[in-house]
Structure formats: C-alpha cells, structure tokens
Amino acid sequence: MNNTADSKDRDEENISLYPDFIPVEEGHPTSAKFIVVETGDERGRGLKGKVAFKKGEHVAKLSGILVNHTTLDTIQIAPTLYFADSWFCRFLLHSCSPNLEIDVANLEVRALKDIPSGEYLTIDYATTDDKVTFQFACNCGASNCRAWITGHAEEINEAGRACLALVNS
Ligand SMILES: [Zn+2]
C-alpha cells in the first residue's frame, strides 16, 4: 500500500467546488457536502446539500472575485462592490422563505432552518442585492411568497406589475 500520497492528491469524494486559482481555505464548500443538480425547470441548475444542516450552523465559507457590476453570479457586498462566485453562490436558488442566509461581512453561509440532506439550498435574493440582474416571477411555494422578485431597493418593473395583477386577481 502506498502511503506517500502528498497534498496534491485529491480525495475524489472531497473536492473543493472552487477552482485551483482560489486559495484553499478551511470551510470552503466541497463535493463531500454539496452537489449541483439540474432542477429540470426554468430555474436551471441548483445546489443541494449531501448532508443535513442544523439551524444556525455554519454551512460554508465563501470565496470569489470582486467585481464592480452585478451578474447572475454576484452577491452585493457594498454599494458598488460585488462578489462573484460562479461555483457555489451561483447555484443557490431563490426562495421567499430561504433555508440559508449569506453573511456578506464574513463571506459565509449559515442555515436559517434545519435542512435535511438532499434539499435545495436557497437564499432570498432581495436580502443581499439592491437590484437583481433581472426581476422574475417566483413560484417557490412559501406561504409568504412575494410572487415577483426584485432587489430590495428597486421598483417593480412593468412585467412584474402585470404578473402581480394576475396573481392578485
Ligand atoms: Zn417566492
């Protein structure tokens, strides 16, 4: 048996979701705990936990690239500063009653609820961003679903007003 495996050898079951150019840090999301899956609907790909998380638990430490504009991959961390994470945060789906929250000051994710293994991991996009890249209709199924998702500092657009008029009729 070969016991000389050095640190360059990767455990196939526990690979960082972040690419090699991001310095490895304790707590970064790995394939042991998370899996990206195709939702099969208009939400595209989502992220599920392969393990359960307890309410309040630290779920992952985040990393990414700082940029000055919003994209589908970004989380806003200051008025004109965004954090782009195309490998983990990008796949967090929106829910109006999310099971995760992002602590932007500490770049980490915490569980807002007990989360069983295999459940989609979700955040509320409006909690971090003044404006979302594009506003969209929400069918998250939460009792408090807002039906139309915007950033927390922007007006509902025309499509949203039409959508909400239908929902409320
Ligand atoms: Zn919703």
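Everything discussed here concerns the structure shown above.
Quick caveat: nothing in here was measured; it's all calculated off a predicted structure.

## Overview of the overall build of the protein
Next, step 1: Secondary structure summary: the protein contains two helices and twelve strands in total.
Next, step 2: Ordering the α and β elements of the protein from the N terminus gives β-β-β-β-β-β-β-β-β-β-α-β-β-α.
Next, step 3: Taking the principal axes of the C-alpha coordinates as reference, the protein spans close to 70 × 35 × 30 Å.
Next, step 4: Taken across its 169 residues, the protein has 38% of its residues classed as buried.
Next, step 5: For the protein, the share of sequence-separated contacts (at least 6 apart) that also reach a separation of at least 24 residues comes to 49%.
Next, step 6: Taken as a whole, the protein presents about 10000 Å² of accessible surface, with 52% of it coming from carbon and sulfur.
Next, step 7: Each charge sign in the protein was given a centre, from 16 positive and 25 negative side chains, and these centres are 3 Å apart.

## With respect to the packing of aromatic side chains
Next, step 1: Tallied over the full model, the rule gives six aromatic pairs.
Next, step 2: Their ring planes at 75 degrees and their centres at 5.9 Å tell us that Phe21 and Trp87 sit as a pair that is edge-to-face. One end of the pair, Phe21, is in the segment before β1 (34-38); the other, Trp87, is in the loop between β6 (81-84) and β7 (93-94), and 66 residues separate them in sequence.
Next, step 3: Since its relative accessible area comes to 57%, Phe21 is described here as exposed.
Next, step 4: Between the aromatic rings of Phe34 and Phe88, the centroid separation amounts to 5.0 Å while the plane-to-plane angle is 80 degrees, which identifies the pairing as edge-to-face. Within this pair, whereas Phe34 is found in strand β1, its partner Phe88 is found in the loop between β6 and β7, the two being separated by 54 residues in sequence. When sorted by exposure, Phe34 lands in the same class as Phe88, which is buried.
Next, step 5: Every member of this aromatic cluster is reached through a ring pair, and the members are Tyr18, Phe21 and Trp87.
Next, step 6: For the cation-ring pair, Lys48 lies above Tyr120, with the distance from its terminal atom to the ring centre recorded as 4.6 Å.

## Structural notes on the sheet that holds strand β9 (residues 108-111)
Next, step 1: Taken together, three strands build an open sheet; the order of strands is β3-β9-β8 and the sheet is antiparallel. Each edge of the open sheet carries a strand with a single partner, namely β3 (58-61) and β8 (100-103). Neighbour to neighbour, the strand axes of the sheet diverge by 25 degrees on average, direction disregarded.
Next, step 2: Bridge count for β8 against β9 is four bridges, and the pairing is antiparallel. Within the sheet, the bridge partner assigned to Ile102 lies in β9 and is Val109.

Each value, and the rule that gives it
Along each chain, the written sequence defines residue order, and numbers are assigned to residues from 1. Owing to the predicted nature of the model, reporting of local features is limited to residues with pLDDT of at least 70; listing and counting of side-chain atom pairs is limited to 80 or more, with chain, interface and lining totals taken over all residues. As a rule here, side-chain values cover all heavy atoms of the structure and leave hydrogens and water aside. Each helix is a run of H or I in the DSSP string that is no shorter than four residues. Each strand is a run of E no shorter than two, and both are numbered from the N terminus. Residue exposure (1.4 Å probe, protein chains only): buried if accessible area is under 20% of the type maximum, exposed if over 50%, otherwise partly exposed. Whether two residues are in contact is decided by their heavy atoms, any of which lying within 4.5 Å being enough. Under the convention used here, a 1.4 Å probe and the Shrake-Rupley method define accessible areas, while residue burial counts only the protein chains that appear. Just so you know, the count uses Lys and Arg for positive and Asp and Glu for negative, and it drops His and the chain ends. By convention, the point assigned to a charge is CZ for Arg, NZ for Lys, CD for Glu and CG for Asp. For this analysis, a ring pair means two rings from Phe, Tyr or Trp (six-membered ring only for Trp) whose centres lie within 6.5 Å, classed as stacked if their planes differ by under 30 degrees, edge-to-face if by over 60, and tilted for the remaining angles. Note on criteria: charge over ring means Lys NZ or Arg CZ within 6 Å of the ring centre, with the direction from the centre no more than 35 degrees off the ring normal. A pair of strands is treated as paired once DSSP finds two or more bridges between them. To get an axis, a line is fitted to the C-alpha atoms, and for a helix only the part in contact is used. The angle between two axes follows their N-to-C directions and goes from 0 to 180 degrees.

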